[in-house]
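Structural overview
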Amino acid sequence: MYSTQLPQARGGVLSSSEIHKSQSLSGDLESCLLQIYHHHHQNSLKLRDQTEKAKKDAIKKAGRVSDLLVDAVNGGVQESFMNEKRIELEIRALAATVGRFMKQTDQWLAASHAINTAVKEIGDFENWMKSMDFDCKSINTAIRNIHQQ
């Protein structure tokens, strides 16, 4: 798997203890590299998990903000809708009141016209009575004059 390079011989053949020592150093280096690789891999996994967790948390919070904004906008819309309905009811009530006042005004105008006509008739009757009184007095005076002569 890994090639182990043995140290160069100083003068010839290496002893078995030197060969064993060289192999143990090479094994220590390999185990250190494996340990560094595993440590890096663990850190990468932790970082990936943290990133994934932060991403999910950000998405969840963005959804919550979106919901709050929609609720805020809908609350304003709902309040406007309720105000519109209340205003429409007030308009209907005012229209009904105006209709009643118009009928009442028409009745008052008819009554005042009737009273005015009656007053005119009374005035006409009064004038007729004065005319009749004058005529009766004229006839009475004429009859007295004839009678006295």
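Residues numbered from 1 in each chain as written. Predicted model: local features only at pLDDT ≥ 70, side-chain atom pairs only at ≥ 80, totals over all residues. Heavy atoms only, no water.

As annotated in an unreviewed UniProt entry, the protein is Biogenesis of lysosome-related organelles complex 1 subunit 1 from Theobroma cacao. For the protein, the Sequence similarities (unreviewed entry) comment in UniProt is given as "Belongs to the BLOC1S1 family." (UniProt positions renumbered as here; feature names shortened; annotations may be inferred.)

Quick look at the overall build of the protein now. A count of helical and extended segments in the protein gives one helix and zero strands. Residues counted as buried form 1% of the 149 residues belonging to the protein. In the form shown here, the protein has an accessible surface area of approximately 14,000 Å², with 62% of it arising from carbon and sulfur atoms. (Helix = DSSP H or I, 4+ residues; strand = E, 2+ residues; numbered from the N terminus. Buried < 20%, exposed > 50% of the residue type's maximum accessible area, 1.4 Å probe, protein only. Areas by Shrake-Rupley, 256 points an atom, 1.4 Å probe, with all protein chains shown as cover.)

Here we take up the pattern of salt bridges. Within this structure, the stated rule accounts for four salt bridges. K85 is paired through a salt bridge with E88; the nearest N and O atoms lie 3.9 Å apart. In this pair, K85 and E88 are both assigned in helix α1 (residues 16-148), three residues apart and thus about one turn of the helix distant. By relative accessible area, K85 is classed as partly exposed at 39%. (Salt bridge = Lys/Arg side-chain N within 4 Å of Asp/Glu carboxyl O.)

With that settled, the discussion passes to a nonpolar patch on the surface. A surface patch of nonpolar side chains, amounting to about 420 Å² of accessible area, comprises F125, W128, M129 and M132. When you line up the elements, M132 lands in helix α1. (Patch = residues over 30% accessible without salt bridge, like charges linked within 9 Å, V, L, I, M, F, W, Y side chains within 5 Å.)

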